[in-house]
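Chain by chain, the residues:
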There are 4 protein chains.
Amino acid sequence: MPEEKAEIGIGLIGSGFMGRCHANAFASVGGLFDLPARPVKAVLSDASERAAQDAAAALGFARGTANWRDLIADDAVDIVAITAPNIRHEPMALTAIAAGKTVYCEKPLSTTVASARTMTEAAEAAGVVTSVGFNFLRNPMVTLAREIIASGEIGEITGFRGRHAENYTADPDAPHSFRTDPQGGGALADIGSHIISMAMYMLGPLAEVSADCRTLYAERPVAAGASERRPVLVDDMTHALIRFESGVAGSLEANWAATGRTMDLSFEITGSKGAIAFSQESMNELRLCSGSGARAGFKRIEAGPSHPPYDRFCPAPGHHLGFNELKVIEVAQLIEAHVNGGACWPDFRAAYEFQRVVEAMQHSCSERRWITL
Amino acid sequence: MPEEKAEIGIGLIGSGFMGRCHANAFASVGGLFDLPARPVKAVLSDASERAAQDAAAALGFARGTANWRDLIADDAVDIVAITAPNIRHEPMALTAIAAGKTVYCEKPLSTTVASARTMTEAAEAAGVVTSVGFNFLRNPMVTLAREIIASGEIGEITGFRGRHAENYTADPDAPHSFRTDPQGGGALADIGSHIISMAMYMLGPLAEVSADCRTLYAERPVAAGASERRPVLVDDMTHALIRFESGVAGSLEANWAATGRTMDLSFEITGSKGAIAFSQESMNELRLCSGSGARAGFKRIEAGPSHPPYDRFCPAPGHHLGFNELKVIEVAQLIEAHVNGGACWPDFRAAYEFQRVVEAMQHSCSERRWITL
Amino acid sequence: MPEEKAEIGIGLIGSGFMGRCHANAFASVGGLFDLPARPVKAVLSDASERAAQDAAAALGFARGTANWRDLIADDAVDIVAITAPNIRHEPMALTAIAAGKTVYCEKPLSTTVASARTMTEAAEAAGVVTSVGFNFLRNPMVTLAREIIASGEIGEITGFRGRHAENYTADPDAPHSFRTDPQGGGALADIGSHIISMAMYMLGPLAEVSADCRTLYAERPVAAGASERRPVLVDDMTHALIRFESGVAGSLEANWAATGRTMDLSFEITGSKGAIAFSQESMNELRLCSGSGARAGFKRIEAGPSHPPYDRFCPAPGHHLGFNELKVIEVAQLIEAHVNGGACWPDFRAAYEFQRVVEAMQHSCSERRWITL
Amino acid sequence: MPEEKAEIGIGLIGSGFMGRCHANAFASVGGLFDLPARPVKAVLSDASERAAQDAAAALGFARGTANWRDLIADDAVDIVAITAPNIRHEPMALTAIAAGKTVYCEKPLSTTVASARTMTEAAEAAGVVTSVGFNFLRNPMVTLAREIIASGEIGEITGFRGRHAENYTADPDAPHSFRTDPQGGGALADIGSHIISMAMYMLGPLAEVSADCRTLYAERPVAAGASERRPVLVDDMTHALIRFESGVAGSLEANWAATGRTMDLSFEITGSKGAIAFSQESMNELRLCSGSGARAGFKRIEAGPSHPPYDRFCPAPGHHLGFNELKVIEVAQLIEAHVNGGACWPDFRAAYEFQRVVEAMQHSCSERRWITL
């Protein structure tokens, strides 16, 4: 008879886009990965009792509550997953840390660098496991890119060119949302943080930045179709020059008014002996150029079982992974770290570092000069 | 307090590639779709008691058994999902039909047309719901393609060009597997059936076929690295001319020795006013050319929440669906049909029709002539 | 002082699309290639004296004439370039052959196989140099493809998949033109001959064909906007199964009603160790997959100076060649053969073989059976 | 009898890469364009008498000379085409201007902004026609892009993202050439000027720049294979932030060490209602996204006769133009301007403006701040 696995209780705060995505990941991960413990959907908290109980039933949690402090305090909860609005991340995380729970927080870690630092230092002092939902980093093709760089296969790295472009505020009449609130932070904080995290995952810490943040439309409707307009206080588009600590130079762009683009999270990394290129628009492939001469050229490497953990999802190549499965990988790594105590990068410390870069870019734009990190 | 949903018990036969895929789909579907009932993983059967119990534990089924008849007979089982070897589909399905259960069978429906007909007629006589796992048809982009054709947007259809190409026997020393067994049926039956199903989903029944089936290597090793070789009795590659009942002409190819291709399930459908093109290699996009003139050209339509049921998985565009999620869609449609009694295409009847085409092509090749269906 | 090069007199019959293209090629080739002689634009003939003199002036020929026999007889003419309507190729070519001139004829060689054979035998009996304008074969990327196959780099060849698709009769109201005349021969003869020539250039002679030729619209307007309609007696679209003498199987399509395609002259050739893919839509690149394993994939090889005779046009890679330059290459090879007496493939004999395949396919369709060549 | 056209005498200085390219363009242009006059290849000058006479013979010029002053002074020369090393552009152009000749100069106009201004002011004072060889701007697809922007079809422009990346110094052991000389100016001056010219052609004058120029390798071999190394004093790679006078923000990159890229001269321009994307890697297509909603997406517009002057080269779409034909277009526009007196953009003034931007970027990097133009 098979050994009974230990259970890990999940407490999920929030049931919006990311909340549902977390719930699905916890539901799937056990059947896909050979984990040291089995996640159990214990408690879900939401804005009201009714919403919490409906969501708990729909998403398969044992119970719902309107009180997130109650969720954190529940002995059945081992991992606290935070998908609440950014402004509430800090109190929730600090409470969970104080309770000694593992904390799994959606990105961005917080709304200010100071807050992110407080959270990071608290977590490190308490020694709890943390993880932040930069799910695009979990893509096997992104992992492969990093391995290719680290192996020296494309030689000495000479340049980076990155972008995260979406189109959801391209329309001048697109209304305000939580994303266009100063707390949301603007295009740079919201989606630029993804390409920043990617850059740092690939090539290490940044040393200096010079950025140009731009608000395209001074005002937007307060809601869809509303005639009342409110000023926009965040950037719609940021272009930045960057220098890594290694000396590598490059550029990146965050843009949420990029008509024609729904998820161009992309990069090209150039080395003395090769280059790699990736875009989330074709998330199951990596383009690699190695060697030189008359037949050099980018080739398309497709995701397959040789690129772990693709093999956990499918034993054959050519069967694409989807976005939601990146979240399953994230959750699998979190459970491993929770049980075995290892790191679960990007943790709070890493997310805090990404946020420092965002803030340095905003600072650079205000002062119109290079900022050293 | 939310209404308690009825439960539907799932009995899964087999825990290989497709068995795991089914299990994962049943685990996920409830949190993603607003279903009329909640699937419960009741019984899993496998080749031995030990294997069945291990798999049941790993995949979250209430119990395991080595006896599939016992699984079918279990009152806790409402839907019997068959992922066993093709040769066993018939007895399993007939037993499940006799028990009045809904039957969800992996493709191909059976190893011969005669057997597929027997299964189809039994299911129709008993009035049970059936579904066959041609999962690629569930892709929202494929559904969109069909809608575009049906709407007349690309005019009168004039041509079809399709292909399913993979590379897993490209190496002459690739060993035999169940796929190269006559029961597996060869490239045409194994993967050609996907592009045949796609062609018929898009453009309706076929009227005539002329095919050229080819076995590339007369013998293959009996196992990886073995010196002993056994004859190959199935095709590695089939090219076919087709005519639809509508009069549309076209061609298709099945090829599992297509070096460089892991999943080129692709088609281009041409009409008098436009054209559409799709490949599973970019499964989250459909290319559409509409209109004519100096600016006509194929455009890339990305999967998004306007293409249901993408919206069940993600509220924003650009977040790709993966292969496994096609199976979740399949399972959602199955549960809907199970509860509400509607059709769940492709059912046994449709799968039998696909198989008739496969057999007609094999027949055409043997006789070197066109075969009327 | 540089040695004075011998001059070769060019006589050009016709000044339409291809006539202009020839004239431009003869004007350019001397400055680009290091030829054994210098082409001189001697005589141009056209339908009327006026047209001939205007065209001669515009295209830089020494004189114009309405009499092509006079052009051929002119001592100043060494090479007779025929771009007149297909039906007139035979008398022109036979006259030129009788005069011992080198003959450069546009494709197709003639309107019937019998006529093409007559022309071929006359040329061979007279020992004159011949060349037929299958210009797409002159592309350095196509030459590279052939070299890769010949070198064994992609192993034993197992399959061919080809197509020539354009869209110029996609509109049911597109009027008749010389192309839709029985003399034009239909889509198969007009553009299918290009993919047939490509297939044979790559993989050698064909042994057997089975084809399905289809006329999409029974009638077309006699002219643009005309209400009078005339029956269409040629195919708009042909799909064919092919077997090469080597045993390789494959398929090809000719389609001039392919909405969305203006020049999809494309092929994918699969071998046991690799594959190559090409489309005229990206005529300056060849995609090559070599090797297998987790990182196999098609790579993009760009045309460059390592792929002769690209180097004659540009010393740096990435500077694309255009269609007209394929004609310049054709003309350079013709002048080499004219002076040094070597072959200039595809010559009349090769073009006659292509035409035999076209006719065999038409025959196959009429009789609904395989035809052995 | 057709009217005899006036002749325009061409004097070509230099017979390297660009010299040959000019010669070919002058040889072809008459048969392709309906010009107001006929170019005649009059005089070619090169470094020595022998070289000049050989090149004159090979390229079809009436005579050769080692003395460029003699070429300019020759009454048979109406247009002076300068393809000599950059450092010699100024004296040659000033001499030609003084002689009242039309001047056609390869890019960059000169090695310093001061020199470029001198040349520009001299030309304007003398009222001679000038043209500078930024040939990529002559592409019909680029013209189409500009028209689409100007028409308002993609709405208010919000962002620019551009790049010119090649790979010719990617190898750390690639030797010095004239390009790596301070007179060559580095990657920014040499190839960055192309993407700068493209940006300004599309969106007008630049207002401010902030750039990061980087030399990747401190020293390079003095010649191929040489052990002696000399310092590299120019940039290999520049990333820049830009602001147009219109307020549009963006970024651009110049990089000649971009492994895997031979000619990625590319841009994406985003508007409130659409976007366009282009790369020289697919120089015969423009990608256009217009509109929004579930079916928005980039479509591929292929070059064709509706995009003048493509029609001068070919009456049918899908027959690609090549790089050399961009030069033919440039020369056709030059001859039009020479005869009819109109502007021939980009003229010396425009090229001087591009150069001001290059210098401002270099200045910005040295001072690590934004520079206002």
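Just so you know, these numbers come straight off a predicted model, no measurement behind them. (Residues numbered from 1 in each chain as written. Chains lettered and ligands numbered in written order. Predicted model: local features only at pLDDT ≥ 70, side-chain atom pairs only at ≥ 80, totals over all residues. Heavy atoms only, no water.)

Focus on the overall build of chain A
So, point 1. Looking only at helices and strands, one finds ten helices and 17 strands in chain A.
So, point 2. Taking 373 residues into account, the globule formula puts the C-alpha radius of gyration at 21 Å, and chain A, at 21 Å, falls close to it.
So, point 3. Out of the 373 residues in chain A, the part that is buried amounts to 63%.
So, point 4. Of the contacts formed within chain A by residues at least 6 apart in sequence, a portion of 69% connects residues at least 24 apart. (Helix = DSSP H or I, 4+ residues; strand = E, 2+ residues; numbered from the N terminus. Rg over C-alpha atoms; globule rule 2.2 N^0.38 Å. Buried < 20%, exposed > 50% of the residue type's maximum accessible area, 1.4 Å probe, protein only. Contact = heavy atoms within 4.5 Å.)

A word on the interface of chain B and chain A
So, point 1. On the chain A side, the residues contacting the 37 residues of chain B number 37 residues.
So, point 2. Taken over both partners, the interface formed by chain B and chain A buries close to 3,100 Å², and the fraction arising from carbon and sulfur atoms is 50%.
So, point 3. Three residues stand out in chain B for area buried against chain A, namely B:Phe17, B:His319 and B:His320, and they jointly supply 17% of the buried area on that side.
So, point 4. Where chain B packs against chain A, one counts two salt bridges.
So, point 5. For A:Arg300, the salt bridge goes to B:Glu281, with nearest N and O atoms at 3.9 Å.
So, point 6. Counting across the chain B and chain A interface gives 19 residue pairs in polar contact (both at pLDDT 80 or more).
So, point 7. The set of elements that each furnish at least two residues to the side of chain B that touches chain A consists of helix 1 (17-32), helix 2 (49-59), strand 16 (299-302), helix 8 (310-313) and helix 9 (323-340) of chain B.
So, point 8. Of the residues in the side of chain B that touches chain A, the class split is 17 nonpolar, 13 polar and seven charged. (Buried area = accessible area lost by both parts, 1.4 Å probe. Salt bridge = Lys/Arg side-chain N within 4 Å of Asp/Glu carboxyl O. Polar contact = N/O pair within 3.5 Å; in protein donor to acceptor, adjacent residues only side chain to side chain. Nonpolar A, V, L, I, M, F, W, Y, C, P; charged D, E, K, R; others polar.)

Some words on the relation of the copies chain B and chain A
So, point 1. Between chain B and chain A, the superposition needs a rotation of 180° and an axial shift of 0.0 Å, giving an RMSD of 0.0 Å. Both copies are brought into coincidence by an operation consistent with a two-fold rotation axis. Every residue of chain B has its C-alpha some distance from the rotation axis, and the shortest such distance is that of B:Gly322, at 1.9 Å.
So, point 2. Interface overlap between copies is the fraction of interface residues in one copy that are interface residues in the other; for chain B against chain A it reaches 100%, indicating a shared surface. (Least-squares fit on C-alpha atoms with pLDDT ≥ 70 in both.)

Some thoughts on the relation of the copies chain A and chain D
So, point 1. Superposition of chain A onto chain D requires a rotation of 180° combined with a translation of 0.0 Å along the rotation axis, giving an RMSD of 0.0 Å.
So, point 2. Both copies share a contact surface, since 98% of the interface residues of chain A are interface residues in chain D too.

Quick look at the packing of helix 4 (residues 89-98) of chain B against helix 5 (residues 113-126) of chain B
Residues and elements named next belong to chain B.
So, point 1. Closest axis-to-axis distance for the helix 4/helix 5 pair is 10 Å, and the angle between their directions is 10°. Of the possible angle classes, the one that applies to helix 4 and helix 5 is roughly parallel. Side by side, helix 4 and helix 5 meet where His 89, Glu 90, Ala 93, Leu 94 and Ile 97 of the first sit next to Ser 115, Thr 118, Met 119, Ala 122, Ala 123 and Ala 126 of the second.
So, point 2. Residue classes in the contact of helix 4 with helix 5 are distributed as seven nonpolar, three polar and one charged. (Axes fitted to C-alpha atoms, helices over the stretch in contact; angles between N-to-C directions. Parallel < 35°, antiparallel > 145°, perpendicular 65-115°, else oblique.)

With respect to the sheet that holds strand 4 (residues 79-82) of chain C
Residues and elements named next belong to chain C.
So, point 1. Taken in spatial order, the six strands of this open sheet run 3-2-1-4-5-6, and their pairing is parallel. Each having just a single partner strand, strand 3 (63-65) and strand 6 (130-132) make up the two edges of the open sheet. Taking the axes of each pair of neighbouring strands and ignoring which way they run, one obtains an average angle of 25° across the sheet.
So, point 2. Pairing of strand 1 (residues 6-13) with strand 2 (residues 37-45) involves eight bridges; the strand directions are parallel. Counterpart to Leu 12 in the pairing with strand 2 is Leu 44.
So, point 3. Across the sheet, helix 2 (residues 49-59) touches strand 2 and strand 3, and the angle it forms with strand 3 is around 155°.
So, point 4. Across the sheet, helix 10 (residues 348-367) lies against strand 5 (102-105) and strand 6, angled at about 40° from strand 6, the strand it touches most. (Pairing = 2+ DSSP bridges.)

A short note on the pairing of strand 14 (residues 274-279) of chain B
Residues and elements named next belong to chain B.
So, point 1. With six of six residues buried, strand 14 is to be regarded as a mostly interior element.
So, point 2. The two faces of strand 14 match: Gly 274, Ile 276 and Phe 278 on one face and Ala 275, Ala 277 and Ser 279 on the other face are all buried.
So, point 3. Examined bridge by bridge, strand 13 (residues 264-271) and strand 14 share five bridges and lie antiparallel to one another. Its bridge partner lying in strand 14, Ser 266 is registered against Ser 279.
So, point 4. The antiparallel pairing of strand 14 with strand 15 (residues 285-290) creates a hairpin that spans five residues between the two strands.

Comments concerning the interface of chain A and chain D
It is common to give the size of an interface as the accessible area that goes away when the parts come together.
So, point 1. Across the contact, 47 residues belong to chain A and 46 residues belong to chain D.
So, point 2. When chain A packs against chain D, the two sides together hide about 3,600 Å² of surface, and 46% of this comes from carbon and sulfur.
So, point 3. Broken down residue by residue, the surface that chain A buries against chain D is led by A:Arg161, A:Thr259 and A:Arg368, which jointly contribute 19%.
So, point 4. For the interface between chain A and chain D, the tally reads ten salt bridges.
So, point 5. Among the ionic pairs, A:Arg261 bridges to D:Glu268, the shortest N-O distance being 2.5 Å.
So, point 6. Taken together, the connections running from chain A to chain D amount to 14 residue pairs in polar contact (both at pLDDT 80 or more).
So, point 7. Mapped onto the side of chain A that touches chain D, the elements with two or more residues apiece are strand 7 (157-165), strand 8 (206-214), strand 11 (237-244), strand 12 (249-255), strand 13 (264-271), strand 14 (274-279) and strand 15 (285-290) of chain A.

Overview of the pattern of salt bridges
So, point 1. For the structure on display, the rule yields 110 salt bridges over all chains.
So, point 2. We note a salt bridge from A:Glu124 to A:Arg349, for which the minimum N-O separation is 2.7 Å. Linking A:Glu124 in helix 5 (residues 113-126) with A:Arg349 in helix 10 (residues 348-367), this pair joins segments that are 225 residues apart in sequence.
So, point 3. Exposure remark for A:Glu124: the relative accessible area of 43% places this residue in the partly exposed category.
So, point 4. Judged by its relative accessible area of 31%, A:Arg349 falls in the partly exposed class.
So, point 5. One salt-bridge network, held together by shared partners, links A:Arg161, A:Glu268, C:Glu285, C:Arg300, C:Glu302, D:Arg163, D:Glu253, D:Arg261, D:Asp264 and D:Glu281.

Brief notes about the state of the cysteines
So, point 1. Under the defined criterion, the tally for this structure stands at zero disulfides over all chains.
So, point 2. Here A:Cys21 is not disulfide-linked; the sulfur of B:Cys314 is the nearest cysteine sulfur, at 7.4 Å.
So, point 3. In this structure A:Cys21 comes out as buried when scored by relative accessible area, which is 5%.
So, point 4. No disulfide involves D:Cys289; its sulfur sits 16 Å from that of B:Cys289, the nearest cysteine. (Disulfide = S-S within 2.5 Å.)

Some words on the packing of aromatic side chains
All names here are of chain C.
So, point 1. For the structure shown, the criterion picks out 36 aromatic pairs over all chains.
So, point 2. Between Phe 134 and Phe 354, the aromatic rings sit 5.0 Å apart at their centres with planes inclined by 85°, giving edge-to-face as the arrangement. Note that Phe 134 is positioned in the loop between strand 6 and helix 6 (140-151) and Phe 354 in helix 10, a separation of 220 residues in sequence.
So, point 3. Among the residues examined, Phe 354 registers a relative accessible area of 2% and is labelled buried.
So, point 4. Considering the side-chain rings of Phe 160 and Phe 244, the 5.8 Å spacing of their centres and the 75° angle between planes classify their relative orientation as edge-to-face. Taken together, the residues span a long stretch of sequence, with Phe 160 in strand 7 (residues 157-165) and Phe 244 in strand 11 (residues 237-244) at a distance of 84 residues. (Phe/Tyr/Trp six-rings, centres within 6.5 Å; stacked < 30°, edge-to-face > 60°.)

Comments concerning the confidence of the model for chain A
So, point 1. Residues with a pLDDT of 70 or more make up 99% of chain A, whose mean pLDDT is 95.
So, point 2. Quick note on the complex model: pTM equals 0.96, ipTM equals 0.95. (pLDDT = per-residue confidence, 0-100.)

Regarding the sheet that holds strand 3 (residues 63-65) of chain A
Residues and elements named next belong to chain A.
So, point 1. Here six strands make up an open sheet; going across it, the order is 3-2-1-4-5-6 and the pairing parallel. Bordering the open sheet on either side are strand 3 and strand 6 (130-132), each of which pairs with just one other strand. Taken over all neighbouring pairs, the strand axes of this sheet differ in orientation by 25° on average, direction set aside.
So, point 2. Across the sheet, helix 9 (residues 323-340) touches strand 1 (6-13), strand 2 (37-45), strand 4 (79-82), strand 5 (102-105) and strand 6, and the angle it forms with strand 5 is around 165°.
So, point 3. Contacts from helix 10 reach strand 5 and strand 6, with the element oriented near 40° to strand 6.

A few points about the pairing of strand 2 (residues 37-45) of chain B
Residue and element names in this part refer to chain B.
So, point 1. Burial runs high along strand 2: seven of the nine residues are buried.
So, point 2. As a crossover connection, the stretch from strand 1 (residues 6-13) through helix 1 into strand 2 is right-handed.
So, point 3. In terms of handedness, the path from strand 2 via helix 2 over to strand 3 (residues 63-65) forms a crossover that is right-handed. (Right-handed = clockwise from strand over helix to strand, strands pointing away.)

Points about the environment of A:Glu325
So, point 1. Along the chain, A:Glu325 falls in helix 9.
So, point 2. A C-alpha to C-alpha distance of 8.7 Å links A:Glu325 and A:Asn139, two positions 186 residues apart in sequence.
So, point 3. If sequence neighbours within four positions are ignored, A:Glu325 has contacts with A:Phe313, A:His320, B:Gly322 and B:Asn324.
So, point 4. Side chain to side chain, A:Glu325 and B:Asn324 meet in a polar contact 2.9 Å long.

Notes on the domain arrangement of chain A
All names here are of chain A.
So, point 1. Taken as a whole, chain A is organised into domain 1 (6-135) and domain 2 (140-282 + 284-318 + 348-372).
So, point 2. Centre-to-centre separation of domain 1 and domain 2, based on C-alpha positions: 26 Å.
So, point 3. Taken residue by residue, the interface counts 26 residues in domain 1 and 17 residues in domain 2.
So, point 4. Here domain 1 packs against domain 2, burying approximately 2,000 Å² in sum over the two surfaces, 64% of which is carbon and sulfur.
So, point 5. Taken as a group, Leu 32, Val 113 and Phe 134 account for 30% of the area that domain 1 buries against domain 2, more than any other trio of residues on that side.
So, point 6. At the surface where domain 1 touches domain 2, the tally comes to two salt bridges.
So, point 7. Its salt-bridge partner being Lys 107, residue Asp 190 comes within 3.5 Å of it at the nearest N-O pair.
So, point 8. Viewed at the interface, domain 2 and domain 1 are joined by eight residue pairs in polar contact (both at pLDDT 80 or more).
So, point 9. Elements represented by at least two residues in the side of domain 1 that touches domain 2 include exactly helix 4 (89-98), strand 5, helix 5 and strand 6.
So, point 10. Ranked by residue count, the leading element in the side of domain 1 that touches domain 2 is helix 5, at seven residues.
So, point 11. Along the lines of polarity and charge, the residues of the side of domain 1 that touches domain 2 split into 15 nonpolar, seven polar and four charged. (Domains from an automatic or database assignment.)

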